[in-house]
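Take a look at the letters that make up each chain.
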Amino acid sequence: MFRYLVFPALDGWWVRLEDEERSARFDDFVSAERRARCLALRAAVKGNDSEILLFSGDGGAIGRWRGERYEVLQSTSGLAA
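Keep in mind that what you see is a predicted model, and the values were worked out from it rather than measured. (Residues numbered from 1 in each chain as written. Predicted model: local features only at pLDDT ≥ 70, side-chain atom pairs only at ≥ 80, totals over all residues. Heavy atoms only, no water.)

Peer 1: Please set out the pairing of strand 1 (residues 2–9) residue by residue, giving values where relevant.
Peer 2: Across five bridges, the pairing between strand 1 and strand 4 (residues 50–55) is parallel. Residue pairing in the sheet places Phe 2 in a bridge with Ser 50 of strand 4. Of the strand pairs in this sheet, strand 1 and strand 2 (residues 12–17) are connected by six bridges, and their pairing is antiparallel. Counterpart to Phe 7 in the pairing with strand 2 is Trp 14. (Pairing = 2+ DSSP bridges. Helix = DSSP H or I, 4+ residues; strand = E, 2+ residues; numbered from the N terminus.)

In structure tokens, the structure reads:
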């Protein structure tokens, strides 16, 4: 399974494939989430399972995308960066 992580940092939002060192930086959450969804869709087209985990500033997972289905994992009050 491909698991993409979207998380905030001081200089923007980052997208990273779990267990990989490389990350891509984006200026805002919407751009980071959009890129992660594109990568997950690409994996799905190739027949691979994938999900996207969205993290808040305190490091807690706040949501998960699996295909077109979104699941809230905790309140989005910590979503600020």
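Peer 1: Hey, could you go over the environment of Leu 53 for me, with residue numbers and the actual values?
Peer 2: Counting through the fold element by element, Leu 53 comes out in strand 4. When the C-alpha positions of Leu 53 and Ala 36 are compared, they lie 9.3 Å apart, and in sequence the two are 17 residues distant. Non-local contacts of Leu 53, meaning those with residues more than four positions away in its chain, are made with Arg 3, Tyr 4, Leu 5, Val 6, Gly 63, Arg 64 and Leu 73. (Contact = heavy atoms within 4.5 Å.)

Peer 1: Can you lay out the environment of Arg 16 for me, pointing to particular residues and giving the numbers?
Peer 2: With respect to the element layout, Arg 16 can be found in strand 2. Since its relative accessible area comes to 24%, Arg 16 is described here as partly exposed. The spatial distance from the C-alpha of Arg 16 to the C-alpha of Leu 39 is 10 Å, given a sequence separation of 23 residues. Here the side chain of Arg 16 touches Glu 20 through a polar contact of 3.3 Å, landing on its backbone oxygen. (Buried < 20%, exposed > 50% of the residue type's maximum accessible area, 1.4 Å probe, protein only. Polar contact = N/O pair within 3.5 Å; in protein donor to acceptor, adjacent residues only side chain to side chain.)

Peer 1: For the sheet that holds strand 6 (residues 69–72), give the residues involved together with the corresponding values.
Peer 2: The strand order across the open sheet built from six strands is 3-2-1-4-5-6, with neighbouring strands paired in mixed fashion. On the outer flanks of this sheet lie strand 3 (23–26) and strand 6, each paired with one strand and no other. Across the sheet, the axes of successive neighbouring strands diverge by a mean angle of 20°, strand direction being ignored. (Axes fitted to C-alpha atoms, helices over the stretch in contact; angles between N-to-C directions.)

Peer 1: Outline helix 1 (residues 29–45), supporting the account with residue identities and numerical values.
Peer 2: Counted at 1.5 Å a residue, the expected span for helix 1 with its 17 residues is 24 Å, and the 24 Å between its end C-alpha atoms agrees. All buried positions along helix 1 are accounted for by Ala 32, Glu 33, Ala 36, Leu 39, Ala 40 and Ala 43. With its buried residues spanning 125° around the axis, helix 1 presents them on a single face. With respect to the buried face of helix 1, the exposed residues turned more than 90 degrees away are Arg 34, Leu 41 and Val 45. If you follow the buried residues of helix 1, they end up packed against strand 1, strand 2, strand 3, strand 4 and strand 5 (61–66). Capping the start of helix 1, Asp 28 holds a side-chain oxygen 3.3 Å from the backbone nitrogen of Val 30, two or three residues further along. Gly 47, located one to two residues past helix 1, shows a positive phi value of around 90°. (Expected span 1.5 Å × (residues − 1). Arc of directions from axis to C-beta.)

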